[in-house]
Amino acid sequence: MLLPLACLHGRPPPRPRRGAGAHGKPSPHAESALTVKMAAELYPPAGAAAATATDIANSNASAAAAGRKGPPRAPLPAPPPPAPAPPAPDNNNLESPNWQSFHPTLRERNALMFNNELMADVRFIVGPPGAARRVPAHKYVLAVGSSVFYAMFYGDLAEVKSEIHIPDVEPAAFLILLKPGMPHAACDSVPTLPRYMYSDEIDLEADTVLATLYAAKKYIVPALAKACVNFLETSLEAKNACVLLSQSRLFEEPELTQRCWEVIDAQAEMALRSEGFCEIDWQTLEIIVTREALNTKEAVVFEAVLNWAEAECKRQGLPVTPRNKRHVLGPALYLVRIPTMTLEEFANGAAQSDILTLEETHNIFLWYTAANKPLLDFPLTKRKGLAPQRCHRFQSSAYRSNQWRYRGRCDSIQFAVDRRVFVAGLGLYGSSSGKAEYSVKIELKRLGAVLAQNLTKFVSDGSSSTFSVWFEHPVQVEQDTFYTASAVLDGSELSYFGQEGMTEVQCGKVTFQFQCSSDSTNGTGSTVAEAVKQPLFYTA
């Protein structure tokens, strides 16, 4: 969007009793001894607080062995801790034998069972071989939260295995903060999806949100999937828009796909030159290069396609040669609208890239220069791009012979919008006394931080029209946040100025709100004379 400058703005189950008689009844002495033993295990003295999760797991294993025929088996030794990673945090070391009393709510007690061997009846081995993590869980809790887990544990084809392998889910997506207050360093050790199911807590981070979205989709947990999508939308920017577009298509999230297109179209040059563009799949490359609304030069599109081809050659283990680049690009090369470049752009770029054949290069040169133009395999029509919109803040303009002068001082205004837009520049008033050239510095800030600025010149023809001054790249402006737009002009002193300035303006689907800025040092305000007439912006 172009903003007119004028408008700148538990216990474990009881063990099988030993010492029973022939009919299964324990002798009094055996029963008494067993009671003492169980009490000691369930309510250890303070000096025994060093019991670990392995103790609980081994005691449960012993109990299960005692219930089977044959001699009881010795408890299996605890597996050695993985190196060099630190041991995963868990809830196995309960702070008190009477732990229920210290957790009065059901949510707290459920959360305590998360990642806990106590009463666990299933274990997940998460991740590919060599990088897998073991996670204890409780079938009932997972089945209540996911129809997939319900079918897995209680359906007609229910799993009977005590360990379930999930090699296609990254451990980092199945892991998250164990409980509130735990340092972030422990996050890589705690399951994400189960934690949400145990306590409804959602704690997403940029590094794992896509993998978490995959897990939420796989196990049909729509609330968590929606939270992932919302997180991605709020973190969406030019440098990750192409990767997120690829993922949104994979996960069939049309709203996220549309949001990605808004960013890619408006900030096409930044998106295509990002590292993320080189990571997308071929199908996503094809639809981006086909896009009619890309708001950038075709030379930028061609350069981006070559960068992707180089990265794809490396992914496939191929030497990075012009021939291999053509091979990995395939038909996508012929989606680049090379003939819409200027002759200079073609001669200095595509013609020297070595990816075109000599015949293709020759024919394109002839197409530029000859009256009898050859047929080309490349599209000939220039992309439509995006048309900038203008937010007209003043209802009229005027000039007087003795007021409103540019003196190299700052004219500034604050503005906010009710939906995301992309501010591309500002509309400024010019000379009221004939043709004149101005030097101008425009700037866009948020909370004092400069987001974009440009030093340039423009020529005013002496009319009351506004003159567009552009930033190098459109700037993403979020909703419900005030931004400051400013301009400093040097040139002919007398100029037009705006009258009847409005504090709220509806521009299509977008509502702008304006207010005074303390940065303004040229006697301007939100409703009085102002050099900055209109923001220039793009929107979907």
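Computed from a prediction, not measured in an experiment: that's the story for all the values here.

Q: Quick question: what am I supposed to make of the side chain of Ser-460 here?
A: With respect to the secondary-structure elements, Ser-460 resides in strand β10 (residues 449-460). Setting aside residues up to four positions removed in sequence, Ser-460 forms contacts with Gly-430, Ser-431, Gly-434, Lys-435, Ala-436, Tyr-438 and Phe-467.

Q: How should I be thinking about the packing of helix α8 (residues 222-234) against helix α10 (residues 254-266) in this particular structure?
A: Two numbers describe how α8 lies on α10: the axes approach to 10 Å, and their chain directions differ by 5°. Here α8 lies roughly parallel to α10, going by the angle between them. On α10, the residues touching Lys-226, Val-229, Leu-232 and Glu-233 of α8 are Glu-255, Leu-256 and Arg-259. Counted by class, the contact of α8 with α10 contains three nonpolar, no polar and four charged residues.

Q: I tried to follow the environment of Glu-443 on my own but got confused; where do I start?
A: Structurally, Glu-443 can be placed in strand β9 (residues 436-446). Given the relative accessible area of 14%, Glu-443 is considered buried. When the C-alpha atoms of Glu-443 and Ala-487 are compared, they prove to be 6.5 Å apart, with 44 residues separating the residues in sequence. With residues near it in sequence (within four places) discarded, Glu-443 still touches Val-450, Ala-452, Gln-453, Phe-471, Thr-484, Ala-485 and Ser-486.

Q: Looking at this model, I keep getting lost on the sheet that holds strand β3 (residues 133-137). Mind explaining?
A: Picture the strands of a sheet paired through backbone hydrogen bonds; they go either parallel or antiparallel. The strand order β3-β2-β4 describes an open sheet built from three strands, whose pairing is mixed. Because the sheet does not close on itself, it has two edges, and the strands there are β3 and β4 (163-166). The average angle at which neighbouring strand axes cross in this sheet is 25°, direction not considered. The sheet contact formed by strand β2 (residues 122-126) and β3 spans five bridges and is antiparallel. Bridging across to β3, Ile-125 finds its partner in Arg-134.

Q: Mind showing me how you'd approach unusual backbone geometry here?
A: Leaving glycine aside, a negative phi is the common case for residues, and trans is the common case for peptide bonds. In this structure, Met-119 takes a positive phi of about 65° despite not being glycine. The residue Asp-354 is not glycine, and still its phi comes out positive at about 70°. Note on placement: Asp-354 falls in the loop between α15 (343-348) and α16 (358-369).

Q: I tried to follow the side chain of Ser-274 on my own but got confused; where do I start?
A: Here Ser-274 is to be found in the loop between α11 (268-272) and α12 (282-290). Once you skip the residues sitting within four places of it in the chain, Ser-274 turns out to touch Ala-238 and Lys-239.

Q: Is there a simple way to think about the sheet that holds strand β15 (residues 510-515) in this case?
A: Pairing in this open sheet of six strands is antiparallel, and the strands run β10-β9-β12-β7-β15-β14 from one edge to the other. One side of each edge strand has no neighbouring strand; the edge strands of this open sheet are β10 and β14 (504-507). Within the sheet, the average angular offset between the axes of one strand and its neighbour, ignoring direction, is 25°. For β9 and β10, the ladder comprises 11 bridges, and the chain directions are antiparallel. Looking at β10, one finds that Ser-439 is bridged to Lys-457.

Q: I would appreciate a short explanation of the pattern of salt bridges in the present structure.
A: Pairs can form between side chains of opposite charge whenever their charged atoms are close. Inspection of the entire model under this criterion finds 20 salt bridges. Residue Asp-265 pairs with Arg-291 through a salt bridge whose shortest N-O separation is 2.8 Å. With Asp-265 in helix α10 and Arg-291 in the loop between α12 and α13 (298-315), the pair connects residues that are 26 residues apart, well separated along the chain. As a salt-bridge pair, Lys-445 and Asp-519 come within 2.9 Å of each other at their nearest N and O atoms. Highlighted residues: Lys-445 in strand β9 and Asp-519 in the loop between β15 and β16 (532-538), separated in sequence by 74 residues.

Q: Sorry, what's going on with the packing of aromatic side chains here?
A: For the coordinates displayed, the defined rule picks out 16 aromatic pairs. Ring geometry for Tyr-150 and Tyr-154: centres 6.0 Å apart, planes at 35°, overall tilted. Separated by four residues within a single helix, Tyr-150 and Tyr-154 lie in helix α5 (residues 147-154), roughly one turn from each other. Take Tyr-150: its relative accessible area is 46%, and that puts it in the partly exposed class. An angle of 40° between the planes, with centres 5.7 Å apart, marks the rings of Phe-346 and Tyr-368 as tilted. Residue Phe-346 is found in helix α15, and its partner Tyr-368 is found in helix α16; the two are separated by 22 residues along the sequence. Given a relative accessible area of 18%, Tyr-368 falls into the buried group. Taken together, Phe-415, Tyr-483, Phe-512, Phe-514 and Phe-537 form an aromatic cluster joined through their ring pairs. A cation over an aromatic ring shows up here: Arg-291 above the ring of Trp-261, its NZ or CZ 4.0 Å from the ring centre.

Q: Teacher, can you tell me more about the confidence of the model for the protein here?
A: Interpreting fine coordinate detail is not advised for predicted regions of low pLDDT. Per-residue confidence for the protein averages 77 on the pLDDT scale, and 72% of its residues sit at or above 70. Ignoring residues within four places in sequence, the model shows residues 1-89, a span with pLDDT below 50, making 155 contacts including any to other chains.

Q: Can you walk me through a nonpolar patch on the surface in this structure?
A: Nonpolar side chains collect at one region of the surface, where Tyr-140, Val-144, Tyr-150 and Tyr-154 lie side by side and expose about 490 Å² of accessible area between them. For the nonpolar patch, the secondary-structure elements that each account for two or more residues are α4 (139-145) and α5. Locating Val-144 in the fold gives a position in helix α4.

Q: It is not clear to me how the environment of Val-148 should be interpreted in this structure. Could you clarify?
A: Positionally, Val-148 belongs in helix α5. If sequence neighbours within four positions are ignored, Val-148 has contacts with Lys-218, Tyr-219 and Ile-220.

Q: Hey, could you run me through the state of the cysteines in this one?
A: A disulfide bridge is the covalent bond that connects two cysteines by way of their sulfur atoms. Per the counting criterion, the structure on display carries zero disulfides. For the unlinked cysteine Cys-242, the closest cysteine sulfur is that of Cys-260, found at 8.5 Å.

Q: Which parts of the structure should I look at to understand α12?
A: Because each turn of an α-helix spans 3.6 residues, side chains separated by three or four positions in sequence point in the same direction. Taken together, the buried positions of α12 are Thr-284, Leu-285, Ile-288 and Val-289. All buried residues of α12 fall inside an arc of 130° around its axis, so they share one side.

Q: Explanation requested: helix α7 (residues 209-218) in the structure shown.
A: Every buried residue of α7 is accounted for by Val-209, Ala-211, Thr-212, Leu-213, Ala-215 and Ala-216. One or two steps after α7, the chain reaches Ile-220, where phi turns positive at roughly 50°.

Q: Looking at this structure, how should I read the packing of α13 against helix α14 (residues 322-329)?
A: Packed helix pairs are specified by the crossing angle of their axes together with the interaxial distance, meaning the distance between the axes. Two elements in contact, α13 and α14, have axes separated by 9 Å at closest approach and are oriented at 95°. Taken together, the axes of α13 and α14 are roughly perpendicular relative to one another. Judged by residue contacts, Val-305, Trp-308, Ala-309, Glu-310, Glu-312 and Cys-313 of α13 engage Asn-324, Lys-325, Val-328 and Leu-329 from α14. Partitioning the contact of α13 with α14 into residue classes produces six nonpolar, one polar and three charged.

Cut-offs and rules
The residue count restarts for each chain, going from 1 along the sequence in the order it is written. With the structure being a predicted model, the display of local features is reserved for residues of pLDDT at least 70 and the display and counting of side-chain atom pairs for 80 or more, all residues being used for whole-chain, interface and lining totals. The basis for every side-chain value is the complete set of non-hydrogen atoms in the structure, without hydrogens or water. For the purposes of this entry, the term helix denotes a DSSP run of H or I that reaches at least four residues, the term strand denotes a run of E that reaches at least two, and both are numbered from the N terminus. Any pair of residues with heavy atoms lying within 4.5 Å of one another is described as a contacting pair. The convention used is that axes are lines fitted to C-alpha atoms, helices contributing only their stretch in contact, and that angles between N-to-C directions extend from 0 to 180 degrees. Orientation labels follow simple angle bins: below 35 degrees gives roughly parallel, above 145 gives roughly antiparallel, 65 to 115 gives roughly perpendicular, and whatever is left gives oblique. Each residue is assigned to one class: nonpolar for Ala, Val, Leu, Ile, Met, Phe, Trp, Tyr, Cys and Pro, charged for Asp, Glu, Lys and Arg, and polar for all the others, Gly among them. Accessible area is worked out with a 1.4 Å probe on protein chains only. A residue is then buried under 20% of its type maximum, exposed over 50%, and partly exposed in between. Note: two strands are recorded as paired if DSSP finds a minimum of 2 bridges between them. Salt bridges are counted wherever a side-chain nitrogen of Lys or Arg sits within 4 Å of a carboxyl oxygen of Asp or Glu. In this scheme Phe, Tyr and Trp rings, the latter by its six-membered ring, pair at centre separations within 6.5 Å, and the angle between planes marks the pair as stacked below 30 degrees, edge-to-face above 60, and tilted otherwise. Lysine and arginine charges are scored as sitting over a ring when NZ or CZ, respectively, is within 6 Å of the ring centre and within 35 degrees of the ring normal. One confidence number per residue, pLDDT, is output by the predictor and ranges from 0 to 100. Grouping into patches uses exposed residues only, defined as over 30% relative accessible area, and leaves out salt-bridged ones; the cut-off is 9 Å for like charges and 5 Å for nonpolar side chains (Val, Leu, Ile, Met, Phe, Trp, Tyr). Under the convention used here, a 1.4 Å probe and the Shrake-Rupley method define accessible areas, while residue burial counts only the protein chains that appear. To count as a disulfide, a pair of cysteine sulfur atoms needs to be within 2.5 Å. Starting at the helix axis, one direction is taken to each C-beta atom, and the arc is that of these directions.

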